[in-house]
Amino acid sequence: FLQKWVNREISNFDYLIQLNTMAGRTYNDLAQYPVFPWILQDYTSEELDLNNPAVFRDLSKPIGVVNEKNAKAVKEKYENFEDPLGIIDKFHYGTHYSNAAGVMHYLIRVEPFTTLHIQLQSGRFDCADRQFHSIPATWQALMDNPNDVKELIPEFFYFPEFLENQNGFNLGQLQISKEVVNDVVLPKWAHSPEDFIYKHRKALESEYVSAHLHEWIDLIFGYKQRGPAAVEALNVFYYCTYEGAVDLDALTDEKERKALEGMINNFGQTPCQL
């Protein structure tokens, strides 16, 4: 299976889906949803030039430090963290690149995710400024904020409908610009949701990504996921997100167990290490 990928007999998309499945990710569990990488960093050009390496994200770095500026803050946070009770290990990120709220964030315009989002927000839509309303703005927010580390979901590579507000939901308007949140704002180089998906999928299968995808896979599914290699790669997440970090069955206190379960569900989970 790995050999098939190396020989380019299966696509990058199919390979990522297989890895996600092997690591216990599934479309049936929002807390364990398949995780895909941000692969581009150019969301502003009129044309997308896939022959130019500069349009691609650095796949060897966790999304939180793709912007060099954030690396220092992330490192300092890790080095200065001390849990007086000795329970919580040092970590670079208190949030996660894949969690239920993040999946609903991206898929808010399509059911059943709309309803799930409304339930999560106690019966209404979250305020417009926090909605997924623009791909360029989402990327910019990631670059500006080391605490936002959301990667993508597979839908970004095959499902144009999630970018359109076909159901006409009233998602509110942005506070400063008063812009109404409707269809997702696309990069300039995409002329329609279908065009975005077509070009984004092409980017995923491009020569550059084929040559570098393994670097991202090491961070998410491989040896840089935990231990010294993860520390060095600035890739350590809150302890609860790792498989086997908490033995729920050993907890006799029902309240404590419920609280931890809730935390794991909300925080997101690191895939099984392959």
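Quick note: structure is the one above.
These numbers come from a predicted model, not from an experiment.

Student: Quick question: what am I supposed to make of the overall build of the chain here?
Tutor: Along the backbone of the chain there are ten helices and zero strands. Helices and strands appear in the chain in the N-to-C order α-α-α-α-α-α-α-α-α-α. Scaling as 2.2 N^0.38, a compact globule of 274 residues should have a C-alpha radius of gyration of about 19 Å, and the chain matches this with 19 Å. Based on the C-alpha atoms only, the size of the chain along its principal axes is roughly 55 × 50 × 35 Å. Across the 274 residues in the chain, those meeting the buried criterion constitute 48%. The contacts of the chain with a sequence gap of at least 6 include a subset with a gap of at least 24, amounting to 67%. A total accessible area of about 13700 Å² is found for the chain, and carbon and sulfur atoms account for 52% of it.

Student: Explain the side chain of Ser206 to me, please; I cannot follow it from the model alone.
Tutor: Along the chain, Ser206 falls in the loop between helix H7 (193–204) and helix H8 (207–220). If near-sequence neighbours (up to four positions away) are discounted, Ser206 is found in contact with Asn12 and Phe56.

Student: Help me understand the nonpolar core, please; the structure alone is not making it clear to me.
Tutor: Inside soluble globular proteins, nonpolar side chains tend to come together where they are buried. In this structure, Trp38, Leu40, Ile135, Phe156, Leu163, Phe196 and Ile217 are the most contacted members of the largest nonpolar core, which totals 73 residues. Broken down by secondary-structure element, the contributors of at least two residues to this core are helix H2 (12–22), helix H3 (68–80), helix H4 (100–106), helix H6 (135–144), H7, H8 and helix H10 (254–267). Ranked by the residues each element gives to this core, the list is headed by H8, at six residues.

Student: Honestly, the packing of aromatic side chains in this entry has me stumped. Any pointers?
Tutor: The geometry of an aromatic ring pair comes down to the distance between the two centres and the angle between the two planes. Under the criterion given, the structure shown has 26 aromatic pairs. Residues Phe159 and Phe162 carry aromatic rings whose centres are separated by 6.4 Å and whose planes lie at 5° to one another, so their mutual orientation is stacked. With a relative accessible area of 26%, Phe159 lands in the partly exposed category. On the basis of relative accessible area, Phe162 is assigned to the buried category, the value being 0%. Centroid distance Trp216 to Phe221: 6.3 Å. Interplanar angle 75°. Geometry classified as edge-to-face. Each member of the pair Trp216 and Phe221 is classed as buried. A cation sits over an aromatic face here: Lys90 above Tyr78, 6.0 Å from the ring centre.

Student: Just checking my understanding: could you explain a nonpolar patch on the surface for this structure?
Tutor: Together, Phe1, Met22 and Leu274 make up a nonpolar patch on the protein surface, roughly 290 Å² of accessible area in all. The topology assignment puts Leu274 in the segment after H10. Among the residues examined, Leu274 registers a relative accessible area of 46% and is labelled partly exposed.

Rules used throughout
- Residues take numbers from 1 onward in each chain, read along the sequence in its written order.
- Local features in a predicted model are, by the rule used here, given only for residues with pLDDT of at least 70; side-chain atom pairs are given and counted only at 80 or more, and totals for whole chains, interfaces and linings are based on all residues.
- Only hydrogens and water are removed before side-chain values are computed, so all heavy atoms of the structure are retained for them.
- Secondary structure elements follow DSSP: runs of H or I no shorter than four residues count as helices, runs of E no shorter than two count as strands, and numbering proceeds from the N terminus.
- Our radius of gyration looks at C-alpha atoms and nothing else; its globule reference is 2.2 Å times the residue count to the power 0.38.
- Each residue gets one of three labels from its accessible area relative to the maximum for its type: buried under 20%, exposed over 50%, partly exposed in between, using a 1.4 Å probe on protein chains only.
- Whether two residues are in contact is decided by their heavy atoms, any of which lying within 4.5 Å being enough.
- Computed by Shrake-Rupley with a 1.4 Å probe, the accessible areas treat only the displayed protein chains as cover when residues are assessed.
- Take the buried Ala, Val, Leu, Ile, Met, Phe, Trp, Tyr and Cys residues and link them wherever side-chain atoms come within 4.5 Å; each set so joined is a nonpolar core.
- Note on aromatic contacts: the rings of Phe and Tyr and the six-membered ring of Trp form a pair at centre separations within 6.5 Å, being stacked when their planes are under 30 degrees apart, edge-to-face when over 60 apart, and tilted otherwise.
- Criterion for a charge above a ring: Lys NZ or Arg CZ within 6 Å of the ring centre, and within 35 degrees of the ring normal.
- Grouping into patches uses exposed residues only, defined as over 30% relative accessible area, and leaves out salt-bridged ones; the cut-off is 9 Å for like charges and 5 Å for nonpolar side chains (Val, Leu, Ile, Met, Phe, Trp, Tyr).
- What counts as a salt bridge is simple: a side-chain nitrogen of Lys or Arg found within 4 Å of a carboxyl oxygen of Asp or Glu.

By themselves these figures say nothing about function.
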